[in-house]
Amino acid sequence: MTNKNYKLYYYSRAISGAGDALQEIAIIAIIASLTESVTISGIIVTLNAIVCIMCSLFVIKHASVARPQRILTSLNYIYAVITSIFYLITMSNNSSKIFVVCVVLYETICSLIYTFYKIYKDTILKEVTDSNEKIARLFATDNVIKIATSLISTALLLFMSYKAFLILNALSFVIAGYLISKLKVNIVLNEDKVISNNLNRKLVENIRSFYFKYINSFRLVIISAILSFFFASYKIVFQKTLIIFNLKIEYVGILNSVYYLVSIILSYIAGFLNIENIKKNTLITLFVGFSLSLFALTNLEFIVISYILILYPIVGAGYNTIVQIYFQNNINRDDIPVLKGIYNIICGASIFLSGIVTPNIVQNINIFFFIMATLFALLFLYVFKKLINE
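Treat the numbers as computed from the prediction; the structure is a model and nothing was measured.

The rules behind the values
Residues numbered from 1 in each chain as written. Predicted model: local features only at pLDDT ≥ 70, side-chain atom pairs only at ≥ 80, totals over all residues. Heavy atoms only, no water. Axes fitted to C-alpha atoms, helices over the stretch in contact; angles between N-to-C directions. Helix = DSSP H or I, 4+ residues; strand = E, 2+ residues; numbered from the N terminus. Parallel < 35°, antiparallel > 145°, perpendicular 65-115°, else oblique. Left-handed = near helix turned anticlockwise from the far one by under 90°. Contact = heavy atoms within 4.5 Å. pLDDT = per-residue confidence, 0-100. Patch = residues over 30% accessible without salt bridge, like charges linked within 9 Å, V, L, I, M, F, W, Y side chains within 5 Å. Areas by Shrake-Rupley, 256 points an atom, 1.4 Å probe, with all protein chains shown as cover. Salt bridge = Lys/Arg side-chain N within 4 Å of Asp/Glu carboxyl O. Buried < 20%, exposed > 50% of the residue type's maximum accessible area, 1.4 Å probe, protein only. Core = buried A, V, L, I, M, F, W, Y, C linked by side-chain atoms within 4.5 Å. Phe/Tyr/Trp six-rings, centres within 6.5 Å; stacked < 30°, edge-to-face > 60°.

With respect to the packing of helix 1 (residues 4-32) against helix 3 (residues 68-90)
The contact between helix 1 and helix 3 brings their axes to 13 Å, and the two run at 30 degrees. Here helix 1 is positioned roughly parallel relative to helix 3, judged by the angle of their axes. Viewed along their axes, helix 1 and helix 3 form a crossing whose handedness is left-handed. Facing Asp-20, Gln-23, Ile-27 and Ile-30 of helix 1, the residues of helix 3 in contact are Tyr-79, Phe-86 and Thr-90.

Structure, rendered in structure tokens:
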């Protein structure tokens, strides 16, 4: 890491990632302590999707990449303030309906902030990296930090409440914001390339322009959106798994650690694959998804291994890293906000549907596995047909 900007970005991302991991454990524990935890998880997923879609509609029409550093710095500080306020709220009566509303509202606000955060983080990523290996290293490090934090959290719970993790999360984003503010990047808007910042153009025209300019990337967005329906079920299925096997909250950190360990390996391997051969990589992912769905359907006792610890990391870490590297290699920097806007809208709609449907179908977990197997099979046939027609 000889590039100073890359180092600053790397450490900022790592520190905020550690805070995110602690926050995730805290939220899982808080929701698990509530009645109807699966339903609440579904509501949160649904509302987060709505926020993601609405923010992305704004981004496609108005987002500017002229000052991503300043915006990203501010978002870090705002996130820290919101999380600190939520921590104070958790000190009150945790069994009241008002508290449940606060939990849902907090997660929804975080989703709003993160939608913009991710767009500008990826815009800066384009400026500070110069190889696929560095991009893959970032995604792998994300998971290294999460697994280390999850393991440390088990020890921390001996000395503090999981609610205190929220304060550590807020502190991490203050530090991350400071590091981002020290980046030396000179991003100048290129009006000849950008397709997102002409305020006179309509939303549909911006999307059409992107489609004709990046048709393969657009199709990849559609596939990713459909897979988002599956991946959005992670927290819901996780809560269902805790119920099925009557797992204690203390095991959340251990499960997360193994989950992220698998994600680390898959994310780093992705940096050394032939990214341009995206269709074959997609076919392999879909075939594994179909196979493991059938395996879970016939071997329920292995749901934790086949789904929580293998398939979710494959889709959410390995394949997602491949897709993000492909986008970084093939999309102009100035068009990244539009890409992310379209990506968030389509994926958000899929996640919204997942948030509504999944809590109901996981009541009979075998129905869920059957639907997922069908989903992976149909996507496999679609991609295979495109590959044959080339």
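Read on for the rest.
Digging into the confidence of the model for the chain
Here the chain shows a mean pLDDT of 78. Residues at 70 or above account for 86%. Predicted confidence is poor over residues 189-200, with pLDDT under 50, and the contacts of this stretch with residues over four places away or in other chains come to 32 contacts.

Here we look at a nonpolar patch on the surface
A cluster of nonpolar residues, Tyr-77, Leu-171, Val-174, Ile-175 and Tyr-178, forms a patch on the protein surface that exposes about 440 Å² of accessible area. A per-element tally of the nonpolar patch places helix 6 (residues 165-181) first, with four residues. You can see Leu-171 is positioned in helix 6. You can call Leu-171 partly exposed: its relative accessible area is 48%.

A closer look at the nonpolar core
The biggest cluster of nonpolar side chains holds 61 residues, and the ones touching the most others in it are Phe-210, Leu-227, Phe-230, Tyr-307, Tyr-312, Phe-327 and Phe-368. Contributing elements (two or more residues each) for this core: helix 5 (132-156), helix 8 (215-231), helix 9 (234-244), helix 10 (250-270), helix 11 (278-298), helix 12 (303-330), helix 13 (336-361) and helix 14 (365-389). A per-element tally of this core places helix 12 first, with 13 residues. Cys-55, Val-103, Ile-113 and Ile-180 belong to the second-largest nonpolar core, a separate cluster that totals 40 residues.

Some words on the environment of Tyr-326
Within the fold, Tyr-326 resides in helix 12. On the accessibility criterion, Tyr-326 (7% relative accessible area) is buried. Beyond its immediate stretch of four places on either side in the chain, Tyr-326 contacts Asn-216, Ser-217, Leu-220, Ile-275, Glu-276 and Ile-278.

Topic: the packing of aromatic side chains
Under the counting rule described, the total for this entry stands at 16 aromatic pairs. With centroids separated by 5.6 Å and ring planes inclined at 85 degrees, the aromatic side chains of Tyr-10 and Tyr-11 adopt a geometry described as edge-to-face. By relative accessible area, Tyr-10 is classed as buried at 15%. Grouped by ring-pair contacts, the aromatic residues Tyr-79, Tyr-114, Tyr-117 and Phe-173 constitute a single cluster.

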